[in-house]
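Results of the structural survey
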There are 2 protein chains.
Amino acid sequence: MVPVDGIGEVEPGDALGSLLADACDGMDEPLGPDDVVVISQKIVSKAEGRVRDLGSVRVEAQARDIAAKLEKDPRLVQLALAESRRVLRADHRALIVETHGGWICANAGIDGSNVERPDEVTLLPEDADQSARRVREEIREARAVAPALVIADSFGRPWRLGQVDVAIGCAGLAPLEDWRGRHDRFGRELTATAIATPDEAAAAADLARDKVSGIPAVLIRGLGDLVTSNDGPGAQALQRPEAEDLFR
Amino acid sequence: MVPVDGIGEVEPGDALGSLLADACDGMDEPLGPDDVVVISQKIVSKAEGRVRDLGSVRVEAQARDIAAKLEKDPRLVQLALAESRRVLRADHRALIVETHGGWICANAGIDGSNVERPDEVTLLPEDADQSARRVREEIREARAVAPALVIADSFGRPWRLGQVDVAIGCAGLAPLEDWRGRHDRFGRELTATAIATPDEAAAAADLARDKVSGIPAVLIRGLGDLVTSNDGPGAQALQRPEAEDLFR
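Report on the accompanying structure. (Residues numbered from 1 in each chain as written. Chains lettered and ligands numbered in written order. Predicted model: local features only at pLDDT ≥ 70, side-chain atom pairs only at ≥ 80, totals over all residues. Heavy atoms only, no water.)

What about the pattern of salt bridges?
Residues and elements named next belong to chain A. Throughout the structure, instances matching the rule amount to 44 salt bridges over all chains. The shortest N-O distance in the salt bridge between Glu-120 and Arg-117 comes to 3.0 Å. Connected through salt bridges with shared partners, the residues Arg-85, Arg-86, Glu-98, Glu-242, Asp-245 and Arg-248 form a single ionic network. (Salt bridge = Lys/Arg side-chain N within 4 Å of Asp/Glu carboxyl O.)

Written out as structure tokens, the structure is:
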């Protein structure tokens, strides 16, 4: 795993793929087709202009009520509700929603760390799989290689404390590495073993970066077997359909 | 990340720490105090004799009923119930329980892949934090270094498809790397950012091993800042208290 430094502040409209390609030029080994590039949601949101100023948010009644109950900033709650198709829980100072994009997470993934201005927050990309495909394509145009692309964000989990990075978008990496039907070394079938590889890649990359210094990208090398030339179905394929979900 | 090969079949009573130390002797760089050793639940369970023969399980009425509903092996359900303090869900062919050790997972973590005999399954270690501390101590006795130790198992997640490896035991690695109160590079406080480092280490290690070949251990290097000389509270500190849990 190699942290990618030197991307600098990302502005709306920036072509992340070409910034990434430039930043990788200084590395010992150039960006290759077997690499997996994990980037933070934050720079994707910034590049896509998914930044909001809390000062310009008009708070409605529902948001005001929920914010009072949860002791949260009502403007943040207003934004979170606008980004969501439903509220799963609003309790214990936590607002857990299902976003329009289908992600279940706290505050619709909205937060203000590593954003320049004090009242600014980022929203999740509208379609992070499409973002991943676009960034991959920009890298391909810039350097004629197409590493896999994963967009990562920190999510909490039910039952377990703390956050881990998971994939909210990907391109060129199968979302579920399916071991079902394969056999272990004793000839026993491996059952129900579909590995959420992009989530594991996101978690791994988080170990290699430093949230304070704000390093927004990490290369994972050695996973070439998992990189596909086509972009594939993206991280959306990791969303468990509601009908099969036991905890919604 | 370095897969550790050459551990061979683990038998009840084996000292895993000394097997690991031996297996690491062949590496370019010797086992060091900054390493994080991630090992699979499976070898820990085998070493601790937490292996059961389905043929000797006596199925009771509750297990028979649940098994019929879920289309599962009633003997497996019987074992899972015996290992659990409560059933959270028994639906959609899934049995989600809270184990006596406090983990919420499918089938109480019982499974039969990578076990020699066709009717044998492994149970989770009774106290995987204690297991991690013991293995760490065995390594210390064998080589006079005390790398951090993580015991990993594959868990499914609500809302997201596929499995990722998480930590069920650890020693010498803070379970929650707490960034709260620290500030980002713009001077904004990082809120609610406690990273479940052992879970991310478990997920990362899973990318480096191959379930079919059964490589049961991976070294993660470069995380020396996170390794502590004392064993710490273990992975149990990652269990969200029921009173704070919104999805139980």
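Here we look at helix α5 (residues 128–143) of chain A
All names here are of chain A. Helix length check: α5, at 16 residues, gives a terminal C-alpha distance of 22 Å against a target of 22 Å (1.5 Å per residue), a fit within 8%. For α5, the full list of buried residues reads Ala-128, Asp-129, Ser-131, Ala-132, Val-135, Arg-136, Glu-138 and Ile-139. Among the structural elements, α1 (16–24), β2 (36–40), α2 (41–47), β8 (148–156) and β9 (163–171) are those in contact with the buried residues of α5. A side-chain oxygen of the first residue of α5 lies 3.2 Å from the backbone nitrogen of Asp-129; this N-cap is Asp-127. (Helix = DSSP H or I, 4+ residues; strand = E, 2+ residues; numbered from the N terminus. Expected span 1.5 Å × (residues − 1). Buried < 20%, exposed > 50% of the residue type's maximum accessible area, 1.4 Å probe, protein only. Contact = heavy atoms within 4.5 Å. Polar contact = N/O pair within 3.5 Å; in protein donor to acceptor, adjacent residues only side chain to side chain.)

Some thoughts on the relation of the copies chain A and chain B
Of the transformation superimposing chain A on chain B, the axial component is 0.0 Å and the angular component is 180°, with the fit at an RMSD of 0.0 Å. Interpreted geometrically, this transformation is the action of a two-fold axis. Scanning chain A for the C-alpha nearest the rotation axis identifies Ala204(A), at a separation of 2.2 Å. Both copies share a contact surface, since 100% of the interface residues of chain A are interface residues in chain B too. (Least-squares fit on C-alpha atoms with pLDDT ≥ 70 in both.)

Focus on the nonpolar core
Counting residues in each nonpolar core, the largest one holds 104 residues, and the members touching the most others are Val36(A), Ile39(A), Val36(B) and Ile39(B). Among residues more than four places away in sequence, those in contact with Val36(A) are Ala148(A), Val150(A), Leu173(A), Val218(A), Leu219(A), Ile220(A), Leu223(A) and Val227(A). (Core = buried A, V, L, I, M, F, W, Y, C linked by side-chain atoms within 4.5 Å.)

Side note on the interface of chain A and chain B
At the interface, 70 residues of chain A touch 70 residues of chain B. The junction of chain A with chain B conceals about 6,200 Å² of combined surface from both sides, 59% of it contributed by carbon and sulfur atoms. At the boundary of chain A with chain B, the tally comes to 4 salt bridges. One can count 28 residue pairs in polar contact (both at pLDDT 80 or more) joining chain A with chain B. Listing elements by their share of the side of chain A that touches chain B, those giving two or more residues are β4 (84–91), β5 (94–99), β7 (120–122), β9, β11 (194–195) and α6 (197–208) of chain A. When the residues that make up the side of chain A that touches chain B are grouped by side-chain class, the tally is 35 nonpolar, 12 polar and 23 charged. (Buried area = accessible area lost by both parts, 1.4 Å probe. Nonpolar A, V, L, I, M, F, W, Y, C, P; charged D, E, K, R; others polar.)

Structural notes on the side chain of Arg157(A)
Among the structural elements, Arg157(A) can be located in the loop between β8 and β9. Among the polar contacts made by the side chain of Arg157(A), one reaches the main-chain carbonyl oxygen of Gly162(A) at a distance of 3.2 Å. The contacts of Arg157(A), once residues within four sequence positions are left out, are Gly162(A), Val164(A), Ala196(B), Asp199(B) and Arg240(B).

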